[in-house]
Structure formats: C-alpha cells, structure tokens
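Chains, contacts and geometry: an overview
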Amino acid sequence: MPQSLKGRLRQQAWRIFLVQCGLSVTVVVFALLPVALLHDRNYTVASVFLAAALVLGIALACATRLMRLLDGAHDKIATLTTHDDLTGLPNRRWFFDRLDEEIDRAVRYGNKLSLVMVDLDHFRRVNDSFGHPLGDLALAEVARLLSANIRTSDVVARYGGEEFMIILPEADACQAVRAAEKLRMVVEVNDISLEGPEIKVTISCGVADLASIHPERGSLRDTLVVAADRAMHRAKKNGRNQVLMHVAEHERQLTLV
C-alpha cells in the first residue's frame with residue numbers, strides 16, 4: 001500500500017476514534033451531572049439508560065463510518081493492483097485474467113474473439129528527443145485515444161512499456177483489423193502536444209483471432225498472444241505504421257481502402 005494512502009487512512013481512522021471518544025465522554029458527563037445534583041432514583045436510572053443508548057448509537061455510527069472507510073480503501077488498493085498508474089488502463093495481470101475469461105466464454109458458446117497488439121513506433125526516439133516526462137505524457141495520450149475509439153464491449157490494457165493489448169469479443173480477424181486500422185489512423189492524425197512541442201506518434205498493430213490459431217502445445221491464451229505479437233513485429237519489420245493480420249501459420253498485410 002502506498003505510504004500516502006496508508007497515512008491518510010490512519011489519519012481518518014484516528015479522527016473517527018477521537019470523535020467517538022469525545023461524543024461518548026460528553027454524553028456520559030451530561031448524564032451524570034443530573035444524577036449528582038438530583039437524588040431521584042427514577043431520574044437517575046432513566047439518565048443512565050439514555051446515556052447508554054446514546055453512546056451505543058455513537059459507536060454504531062462511527063463503526064459504520066469506519067467500515068465505509070475500509071471499503072473505500074479496499075477499492076483503492078484493488079485499483080492500484082490491477083491498473084497502470086501512468087495511463088489508468090488495466091495492467092498486464094488484469095489483462096491475462098480477463099483474456100482467460102473471454103476465451104472460456106468464446107469456446108463455450110462458439111463465439112468469435114480477436115486480439116490486437118499495439119506498439120508505438122520509434123518510441124525510444126521520443127524519449128531521447130523530448131525526455132521521459134513528455135514521453136510519459138505521450139504514452140498516456142495514446143492510451144486515451146485507444147480507449148476513446150473502441151467499442152464499449154472491447155477492452156484495452158497496457159501490456160508493458162509502450163505496448164497495449166485490445167480484446168475484441170464477438171469480432172473475427174477482419175473486423176478486428178478494421179478496428180485496428182481505425183485506431184492507427186486516429187493516432188497518426190492526432191499530433192500530441194502536451195506542455196511542450198508537438199510529438200508525432202504512430203503505431204503498429206498485430207491482429208489474431210481464435211479461428212486462426214491451432215495450438216500444438218500450450219494454452220489457447222498463450223498461443224493467441226504469441227500470434228498477435230508475431231503479427232505486430234512483422235508490421236514493424238515491414239515499415240511500421242500499419243496493421244498486420246495473423247492467418248494460420250503466417251501473417252499477411254491487409255490492404256485497406
């Protein structure tokens with residue numbers, strides 16, 4: 001857990017505890033004052049029961065507030081462990097879990113499923129030319145463009161470094177290629193200018209679907225990821241800034257209009 005989050009949680013928990021103690025002491029004091037001044041037994045018993053009820057109510061209210069605080073902390077921790085800090089996208093670990101679920105669903109119901117691997121072209125030159133802070137901003141902006149230009153059913157995650165993965169349920173390879181080409185064009189036409197000079201970024205994409213892979217060993221997930229990765233690397237070798245589709249045991253570049 002990050003120290004800043006841990007410190008805030010400890011501070012809020014102590015605040016809740018002190019509020020509970022302060023209110024409880026106040027209630028007890030106000031209940032005992034009449035008891036000390038008056039000698040009516042009935043009034044004394046009523047005051048004690050009222051004070052006990054109020055203290056119990058304060059304890060329940062503070063306990064409820066503390067439980068909400070813990071639930072919020074749990075949600076924040078879950079987000080930190082499953083999402084990338086820089087881009088806000090799901091991370092590699094989350095991606096593999098989600099891909100396993102989508103593959104199981106596709107196999108069970110005979111659905112289509114495609115995977116797109118995206119890699120920024122010459123991103124090392126961006127870091128070398130403009131520095132890592134602007135490189136990080138460019139990476140975050142590309143992540144935003146990818147997220148904003150996919151279907152609501154699709155999932156984009158940061159795979160590592162300057163690589164992203166996009167899961168496309170209910171889409172075959174040709175549909176995924178069209179989606180990847182749209183993303184390629186969006187990134188190409190959007191010059192990134194964030195707190196500095198304009199940065200020209202392009203992407204290379206590799207596409208694979210379940211119908212195009214035939215794993216001899218290993219899992220469907222690993223074979224699908226490897227197929228998309230190989231198609232992406234072929235796209236980079238062929239000149240970058242293009243989409244390549246994995247077909248059977250080879251990849252071919254798709255000509256799009």
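To start, this report covers the structure provided alongside it. Computed from a predicted structure; not experimentally measured. (Residues numbered from 1 in each chain as written. Predicted model: local features only at pLDDT ≥ 70, side-chain atom pairs only at ≥ 80, totals over all residues. Heavy atoms only, no water.)

With that settled, consider the overall build of the chain. Summing up its helical and strand segments, the chain has 7 helices and 6 strands in all. Expressed as a percentage of contacts within the chain between residues at least 6 apart in sequence, the contacts between residues at least 24 apart total 68%. Carbon together with sulfur atoms contributes 57% to the accessible area of the chain, which is approximately 15100 Å² in total. (Helix = DSSP H or I, 4+ residues; strand = E, 2+ residues; numbered from the N terminus. Contact = heavy atoms within 4.5 Å. Areas by Shrake-Rupley, 256 points an atom, 1.4 Å probe, with all protein chains shown as cover.)

Side chains that are nonpolar tend, in soluble globular proteins, to be buried together. Core analysis: the largest hydrophobic core is formed by 33 residues, its most contacted members being Val116, Val118, Leu120, Val142, Leu146 and Phe164. Of all the secondary structure elements, the ones that give two or more residues to this core are strand E1 (113-120), helix H4 (123-130), helix H5 (132-148), strand E3 (163-169), helix H6 (173-189), strand E4 (203-209) and strand E5 (243-247). Ignoring anything within four residues of it in the chain, the contact list for valine 116 reads Phe164, Met165, Ile166, Leu168, Ala176, Ala180, Cys205, Gly206 and Val207. Within the second largest apolar cluster, 21 residues are counted, among which are Leu99, Leu113, Leu115 and Ala208. (Core = buried A, V, L, I, M, F, W, Y, C linked by side-chain atoms within 4.5 Å. Buried < 20%, exposed > 50% of the residue type's maximum accessible area, 1.4 Å probe, protein only.)

When two helices pack together, their arrangement is given by the angle between the helix axes and the distance between those axes. Where helix H3 (residues 92-109) meets helix H7 (residues 220-237), the axes come as close as 10 Å, and the angle between the chain directions of the two elements is 110°. The angle between the axes of H3 and H7 places the two elements in the roughly perpendicular class. Here Phe95, Phe96, Leu99, Asp100, Ile103 and Val107 of H3 come into contact with H7, specifically with Leu220, Arg221, Leu224 and Val225. Grouping the amino acids of the contact of H3 with H7 by side-chain chemistry returns 8 nonpolar, no polar and 2 charged. (Axes fitted to C-alpha atoms, helices over the stretch in contact; angles between N-to-C directions. Parallel < 35°, antiparallel > 145°, perpendicular 65-115°, else oblique. Nonpolar A, V, L, I, M, F, W, Y, C, P; charged D, E, K, R; others polar.)

This part covers the pattern of salt bridges. For the coordinates displayed, the defined rule picks out 12 salt bridges. Between arginine 158 and aspartate 84 there is a salt bridge; the shortest N-O distance is 3.1 Å. A residue pair is termed long-range when its members are at least 10 positions apart, and arginine 158 in strand E2 (residues 155-160) and aspartate 84 in the loop between helix H2 (41-82) and H3 qualify at 74 residues. Here aspartate 222 ties to arginine 221 by a salt bridge, and the two come within 3.4 Å at their closest N and O atoms. Taking relative accessible area as the criterion, aspartate 222 reaches 36% and is therefore assigned partly exposed. Here the salt bridges do not stand alone but share partners, grouping Arg98, Glu102 and Arg105 into one network. (Salt bridge = Lys/Arg side-chain N within 4 Å of Asp/Glu carboxyl O.)

Turning our attention to the packing of aromatic side chains. Scanning the entire structure with this criterion turns up 3 aromatic pairs. Each ring, one from phenylalanine 95 and one from phenylalanine 96, has its centre 5.3 Å from the other, and the planes form 50°; the classification is tilted. Pairing phenylalanine 96 with tyrosine 159 gives two aromatic rings, centres 6.0 Å apart and planes at 70°, and the pair type is edge-to-face. With a gap of 63 residues between them, phenylalanine 96 in helix H3 and tyrosine 159 in strand E2 connect regions that are remote in the sequence. (Phe/Tyr/Trp six-rings, centres within 6.5 Å; stacked < 30°, edge-to-face > 60°.)

It is worth spelling out H7 at this point. In a regular helix each residue adds 1.5 Å, so 18 residues correspond to 26 Å; H7 covers 26 Å between its end C-alpha atoms and thus fits that length. All of the buried residues in H7 are Leu224, Val225, Ala227, Ala228, Ala231, Met232, Ala235 and Lys236. One or two residues past the end of H7 sits glycine 239, with phi positive at roughly 130°. (Expected span 1.5 Å × (residues − 1).)

In this model H6 runs 24 Å from its N-terminal to its C-terminal C-alpha over 17 residues, within 8% of the 24 Å that 1.5 Å per residue would give. Among all positions in H6, only Ala173, Ala176, Val177, Ala180, Glu181, Leu183, Arg184, Val186 and Val187 are buried. Structurally, H6 contributes buried residues whose contacts are with E1, H5, E3, E4 and E5. Structurally, the start of H6 carries an N-cap: the backbone nitrogen of cysteine 174 is 3.2 Å from a side-chain oxygen of aspartate 172. (Polar contact = N/O pair within 3.5 Å; in protein donor to acceptor, adjacent residues only side chain to side chain.)

Moving on to the pairing of E3. Counting buried positions along E3 gives 7 out of 7 residues, so the element sits mostly inside the fold. Every second residue of E3 is oriented toward a common face, with Glu163, Met165, Ile167 and Pro169 on one face and Phe164, Ile166 and Leu168 on the other, all of them buried. Across 7 bridges, the pairing between E1 and E3 is antiparallel. Bridge assignment links serine 114 to a residue of E3, and that residue is leucine 168. In this sheet, E3 lies alongside E2 in antiparallel orientation, the contact comprising 5 bridges. Paired with valine 155 across the bridge in E3 is isoleucine 167. Hairpin connection from E2 to E3: 2 residues lie between these consecutive antiparallel strands, with glycine 161 at a positive phi of about 60°. (Pairing = 2+ DSSP bridges.)

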